[in-house]
Amino acid sequence: MSDQATNPIAFVAEGTIPPSPPPANETGVVKWLRENLFSGVVNSILTVLSLILIYILLKNTLPWILNGVWNANSLAECREILGDKTGACFAVLTERWPQLIYGFKYPVDAYWRPNLAFVLMLVAIAPVLFFDLPRKMLLFTAVYPFLAFWLIWGGTILVPLVALVGCIAAGGVFQKLGNNNFAAGFFGAIVTALVIWNVGGALIPEGASENAWLTAVPSRDLGGFMLNMMLGVTCVSLSVPLGIALALGRQSNMPLIKWVCVIFIEFIRGVPLITLLFVASVMLAYFFPPDSTVDLFLRVVIMITMFSSAYIAEVIRGGLAALPRGQYEAADSLGLDYPQAMRLIILPQALKISIPGIVNVAVGLFKDTTLVSVISMFDLVGMIRGPILASTEWNGVYWELLGFAALLFFVVCYGISQYSQWLERRLATDHR
C-alpha cells in the first residue's frame, strides 16, 4: 500500500498565501533613518554629532530670535523692553526699513517709482528666463531699460528716448553689416550709437528736467538694496553680450582683434575689482571729454561690466573649446558664413555648456556690488556701516543688520542658483 493510503494529508492549500507586511525596520521612517542616517558605525557617529551641533545652535539662537523686539526707537529702549531676557533688537529693521531698501536720500514721495520699476522688471525678464512665454513680450523687454531709467532717475523723458533711438539705429547697422562681417557690424553699431547719443544729447535743451513730470533724482541719492539690485541686474545684462563678443574676438583669425581681446581679458582678470572701482570713482572721468560730466553710477557700471565680462568671456571660451571640431566643419559644409554659423550652430551649444560658469560669475558679481561702499556709494552694506551704525540710537546693533543683509543676498543668489539648475535640466546640458 502507498503512504497516501496509510497517512492521508490533513490540509491542502487551495490558493496563494496573502503577502505578509514587511518588517517594521524595512518600511517608513525607520527604513529612511536606517539607510540615510544610521547606515553604519561612522555614519551613526556623524549623525549624532550633527544633531548635537544643531541642538546647540538652536538652543542659543531660537530664544534670541523669538524674544526679539520689533517696536522700539533705539537700542537702549530695546534693552529696557527685554530686561533680563536675551533677545534681538529687530526694531532697527522696522525703524530704518526705508533707508535699508532705498537709501537715506531718495525722496520719500517717490518710493513708488523704484517699486514699479521692480515689478516691471519681473515682467521684462520673464520671456528671457522662460522660453514658453510669448515671444512678443521681448518687445517690452527691449524697452524696459529705458523705462526703468526714467522711473528711477526721473527728469525729462527725452534722455531715455534718445538712448532708445541710438540703440535701435545701432541694431539696424549691426543687422546690415554683421551679415557680411561680424567685426564691421559690431564696431559700426558702437559708432552709430555714440554718434546719435552725442547729437541727441546736444539737442536736448538745458533745464529740460526742471519742469519734468517725474522729479529728477541724482545718482548720489540712490542707495540701499535698491542700488545693489540695479548694479547687479544692469552689469549682468551688459556683461553677457560683451563677454560673448570678447570670447569670439579671442578666437578670431584677425590678429589685431584677437590681441586686443586677449590683452583686455588678461589685464582685467589680473586687477582686483576694488581697484577698478577706485578708478571709476577718481580716474575714469579723465578718459571722457573735458566738458562731459559722466555720472558716477555709469562709471561704476562700466567698470563692473568690464570686470565680469572678462570672466564670462573665459567661461564662454571654455564652452567653445569643448565643442568638437565637427560642429565647425558641419557649419562650413552647410555653406553658412561666420555670423550664421555662430548664431545658429556654435553659440547655442557653447552657451548651453557654459550655463553653470556664467551663473557662477553672475552670483559673484551680485555679491561684489557691496564693494561700492568703499567709494562712498551707500548700498545696503554701506547704509549699515555708515548712517545706521553711526547713529547714536542704533550704534552696536550688528547681528540683526548684517543678518538681514545676508538673508536678502541669500534669497537672490539662491533663486539664481535654482533657476540655473532648472535651466540645465530643461536644456539637458549633460547630453550634447
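Quick caveat: nothing in here was measured; it's all calculated off a predicted structure. Along each chain, numbering runs from 1 in the same order as the chain's sequence is written. Predicted model: local features are reported for residues with pLDDT of at least 70 only, side-chain atom pairs are reported and counted for 80 or more only, and whole-chain, interface and lining totals are derived from all residues. The basis for every side-chain value is the complete set of non-hydrogen atoms in the structure, without hydrogens or water.

1. Description of the state of the cysteines
The definition used for a disulfide is geometric: two cysteine sulfur atoms within 2.5 Å. All chains considered together, the criterion is met by 1 disulfide. Here Cys-78 pairs with Cys-89 through a disulfide, and the sulfurs are 2.0 Å apart. Sign of the S-S torsion, about 65 degrees for the bond between Cys-78 and Cys-89, identifies this disulfide as right-handed. One end of the pair, Cys-78, is in helix 4 (residues 75–82); the other, Cys-89, is in the loop between helix 4 and helix 5 (91–95), with 11 residues separating them in the sequence. Per residue, the accessibility class of Cys-78 equals that of Cys-89, and both read buried. Lacking any disulfide linkage, Cys-167 is separated from the closest cysteine sulfur, that of Cys-235, by 16 Å. Between Cys-261, a free cysteine, and Cys-235, which holds the nearest cysteine sulfur, the sulfur-to-sulfur gap is 20 Å. In this text, helices come from DSSP runs of H or I with a minimum length of four residues, and strands from runs of E with a minimum of two, each type numbered from the N-terminal end. For each residue, the accessible area found with a 1.4 Å probe, counting protein chains only, is set against the maximum for its type, and the residue is called buried under 20%, exposed over 50%, and partly exposed in between.

2. Let's talk about the packing of aromatic side chains
Here the aromatic set is Phe, Tyr and Trp, taking the six-membered ring for Trp, and pairing holds for ring centres within 6.5 Å; pairs whose planes are under 30 degrees apart are stacked, those over 60 apart are edge-to-face, and all others are tilted. Summed over all chains, the structure comprises 18 aromatic pairs. When the centroid spacing of 5.9 Å and the interplanar angle of 85 degrees are considered together, the rings of Phe-130 and Tyr-419 count as edge-to-face. Of this pair, Phe-130 sits in the loop between helix 7 (112–129) and helix 8 (138–153) while Tyr-419 sits in helix 18 (residues 399–427), and the two are 289 residues apart along the sequence. On the basis of relative accessible area, Phe-130 is assigned to the partly exposed category, the value being 37%.

3. Re the side chain of Ser-391
Its location among the elements puts Ser-391 in the loop between helix 17 (380–390) and helix 18. Distance and chemistry together define a polar contact, namely a pair of N or O atoms within 3.5 Å, with one atom able to donate a hydrogen and the other to accept it when in protein, and with adjacent residues in sequence counting only for side-chain atoms on both sides. At 2.6 Å, the side chain of Ser-391 and the backbone oxygen of Ile-388 are in polar contact.

4. Comments concerning the pattern of salt bridges
Note on definitions: salt bridges are taken to be side-chain nitrogens of Lys or Arg within 4 Å of carboxyl oxygens of Asp or Glu. Scanning the entire structure with this criterion turns up 8 salt bridges. For Arg-250, the salt bridge identified is with Glu-314, shortest N-O distance 2.8 Å. Here the residue Arg-250 occupies a position in helix 11 (residues 224–250), and Glu-314 occupies one in helix 14 (residues 296–322), the gap between them amounting to 64 residues. Like Glu-314, Arg-250 is buried. For the salt bridge of Arg-269 with Glu-266, the shortest nitrogen-to-oxygen distance reads 3.8 Å. Of this pair, Arg-269 and Glu-266 both sit in helix 12 (residues 255–269), 3 residues apart, which is roughly one turn of the helix. For Arg-269, a relative accessible area of 35% puts it in the partly exposed group. In this structure Glu-266 comes out as partly exposed when scored by relative accessible area, which is 37%. One network of salt bridges, with partners in common, ties together Arg-250, Glu-266, Arg-269, Glu-314 and Arg-317.

5. Description of the nonpolar core
To define a nonpolar core, start from buried Ala, Val, Leu, Ile, Met, Phe, Trp, Tyr and Cys residues and group those joined through side-chain atoms within 4.5 Å. Among the nonpolar cores identified, the biggest contains 96 residues, and Tyr-106, Val-300, Leu-320 and Trp-394 are the most heavily contacted of them. Per-element tally for this core: the top contributor is helix 16 (residues 338–368), with 13 residues.

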